[in-house]
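Fold and geometry: a report
One-letter residues, chain by chain:
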Amino acid sequence: MKQACFLAFLVFSLIIPFLSVAKESIVYFECSQLYLISKAYESNVNSLFTSLISSASVSNFNKFEISPQSDVVYGLFQCRGDLSSHDCKNCVENSVSQLKKTCPKSTSGTIQLEGCFIKYDNTSSFGVEDKVKVFKRCGPSVGYNSDTLARIDDALAYLVSGTGPYFRVGVLGRVQGMMQCVQDLSVSDCEDCVLEARGRVRSECGTSTWGDMYLGKCYIRYADGGFHPIKGIDVVNINDDLRGGTRKSKNIQRVAGIVVGVLLGVGALGFTLTISITKVYRIRVKKEVTIVRNKVEEAEREARSAREQARAAREEVEVARRESESQKLQIDTLSKQRDWYKTMSSTGRV
């Protein structure tokens, strides 16, 4: 029985494979209103693009500083964590082509495709946290459907605190979720960025059936798969997994089939097993939600403490300013008295 529970849970817990579709559709792009500084800078930008494309064939992230003579340019690319080297290279190549069309002659540009992200600039932002909101989109409201909203919260909690430092994907029932950070960030900065994105998407998309929140160096996405499936992710629920419905290896499918046979054979016992598996998963998710909430509360406490310290500092500055003005007034008074005394002394009146 314990083996059957473990195998059924294992099938559900395996990472859901992504389809190689729609990786190159544009999400957003930005272009600087400043134009190329010189021919040397333009040449460096082209060299950067070549380096990005070449590197994408062997890695899903890299950053470059191009400055053979002068007019330095900085750039990086980040492919989605599940892309193959072939898909990553194609995505980066397409991004470069789009940037050349949409941002010709600009000193800086940014483009986000479904499968990859590219940024170049004449100032470095490597390793710098960027939680500024760049782009968002929200689906229609689901109304107050407590079950759906709870699954959305649970899925987002997993994306914030789950495994995988820069890329995570999860499916809970019909709700899908995905997060990605740019890998020039530290792991802690990535977690901060995703936590901020989670808070924003829940606040700004509210009861929406799906929502995407893109910040400067990370994004988080969720969707009720029945309404707005995230491109490239399968919609799989626990019942499909128990029936061997996911596209895993043949051995795992056989195991899932055995588990299903056992469940069907024992009837009510099989139903109880399904309930137990669901409860175990929900307990795990609730623990993760609690951890995230504790982190949020701690951050809020630190923010309140910082505000109080800042207020106290402002009060101290105001007190010091008033004391300074008082001292200045005293000095002015003494100076006037001294001048009066000198005048009186010179005329012999004192």
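Residues numbered from 1 in each chain as written. Predicted model: local features only at pLDDT ≥ 70, side-chain atom pairs only at ≥ 80, totals over all residues. Heavy atoms only, no water.

**Some points on helix 2 (residues 39–56)**
- The end-to-end C-alpha distance of helix 2 is 26 Å, a good match for the 26 Å that 18 residues give at a rise of 1.5 Å each.
- Here helix 2 has its buried residues at Tyr-41, Asn-44, Val-45, Leu-48, Phe-49, Leu-52, Ile-53, Ser-55 and Ala-56.
- Against the buried residues of helix 2 lie strand 2 (61–66), strand 3 (73–79), helix 3 (85–102) and strand 5 (116–121). (Helix = DSSP H or I, 4+ residues; strand = E, 2+ residues; numbered from the N terminus. Expected span 1.5 Å × (residues − 1). Buried < 20%, exposed > 50% of the residue type's maximum accessible area, 1.4 Å probe, protein only. Contact = heavy atoms within 4.5 Å.)

**Side note on empty space enclosed by the protein**
- Scanning the model with the defined rule gives two cavities of 30 Å³ or more in all.
- Of the volumes computed, that of the largest cavity is approximately 110 Å³.
- Along its surface, the largest cavity is lined by 17 residues, and Gln-112, Phe-117, Gln-180, Val-182 and Tyr-219 are the ones closest to its centre.
- Within the residue set of the lining of the largest cavity, elements represented by two or more residues are strand 3, strand 5, strand 8 (175–181), strand 9 (210–215) and strand 10 (218–224).
- Split by residue class, the lining of the largest cavity holds ten nonpolar, five polar and two charged.
- Estimated volume of the second largest cavity: approximately 40 Å³.
- Split by residue class, the lining of the second largest cavity holds four nonpolar, three polar and two charged. (1 Å grid on protein atoms, 1.4 Å probe; cavity = no way out; pocket = protein on both sides within 12 Å on 5 of 7 lines; lining within 4 Å. Points joined across faces, edges and corners; volume = space filled by probe spheres on them. Nonpolar A, V, L, I, M, F, W, Y, C, P; charged D, E, K, R; others polar.)

**Description of the packing of helix 4 (residues 146–161) against helix 5 (residues 187–205)**
- Two elements in contact, helix 4 and helix 5, have axes separated by 9 Å at closest approach and are oriented at 165°. Relative to helix 5, the element helix 4 is oriented roughly antiparallel. Classified by chirality, the crossing of helix 5 by helix 4 is right-handed. Across the interface between the two elements, Leu-149, Ile-152, Asp-153, Leu-156, Ala-157, Leu-159 and Val-160 of helix 4 pack against Val-194, Leu-195, Arg-198, Val-201 and Arg-202 of helix 5.
- Residue classes in the contact of helix 4 with helix 5 are distributed as nine nonpolar, no polar and three charged. (Axes fitted to C-alpha atoms, helices over the stretch in contact; angles between N-to-C directions. Parallel < 35°, antiparallel > 145°, perpendicular 65-115°, else oblique. Left-handed = near helix turned anticlockwise from the far one by under 90°.)

**A look at the sheet that holds strand 9**
- The strand order across the open sheet formed by five strands is 6-9-10-8-7, and the pairing between neighbours is antiparallel. The open sheet terminates on both sides in strands that have one partner only, identified here as strand 6 (133–138) and strand 7 (167–172). Between one strand axis and the next, the sheet turns through 5° on average, direction left out of account.
- In this structure, strand 6 lies alongside strand 9, joined through five bridges in antiparallel fashion. Residue Lys-133 lies in a different strand from strand 9, and its bridge partner there is Leu-215.
- Helix-sheet contacts for helix 4 involve strand 7, strand 8 and strand 10, and the interaxial angle to strand 7 is about 155°.
- Along the sheet, helix 5 contacts strand 6, strand 8, strand 9 and strand 10; its crossing angle with strand 9, the most-contacted strand, is approximately 140°. (Pairing = 2+ DSSP bridges.)

**So, unusual backbone geometry**
- Phi angles above zero are rare outside glycine, and Lys-105 is one such case at about 70°.
- Take Lys-105: it is sitting in the loop between helix 3 and strand 4 (109–113).
- What makes Lys-105 partly exposed here is its relative accessible area of 45%.

**Quick word on the state of the cysteines**
- On inspection of all chains with the given rule, the structure shows six disulfides.
- Covalent S-S linkage joins Cys-31 and Cys-103, the inter-sulfur distance amounting to 1.9 Å. Taking the sign of the torsion about the S-S bond as the criterion, the disulfide between Cys-31 and Cys-103, at about -70°, is left-handed. Here Cys-103 lies in the loop between helix 3 and strand 4 and Cys-31 lies in strand 1 (residues 26–31), a separation of 72 residues in the sequence.
- Sulfur-sulfur distance for the disulfide between Cys-91 and Cys-116 comes to 2.2 Å. Between Cys-91 and Cys-116, the S-S torsion sits near -90°, and that sign places the bridge as left-handed. Of this pair, Cys-91 sits in helix 3 while Cys-116 sits in strand 5, placing them 25 residues apart in sequence. (Disulfide = S-S within 2.5 Å.)

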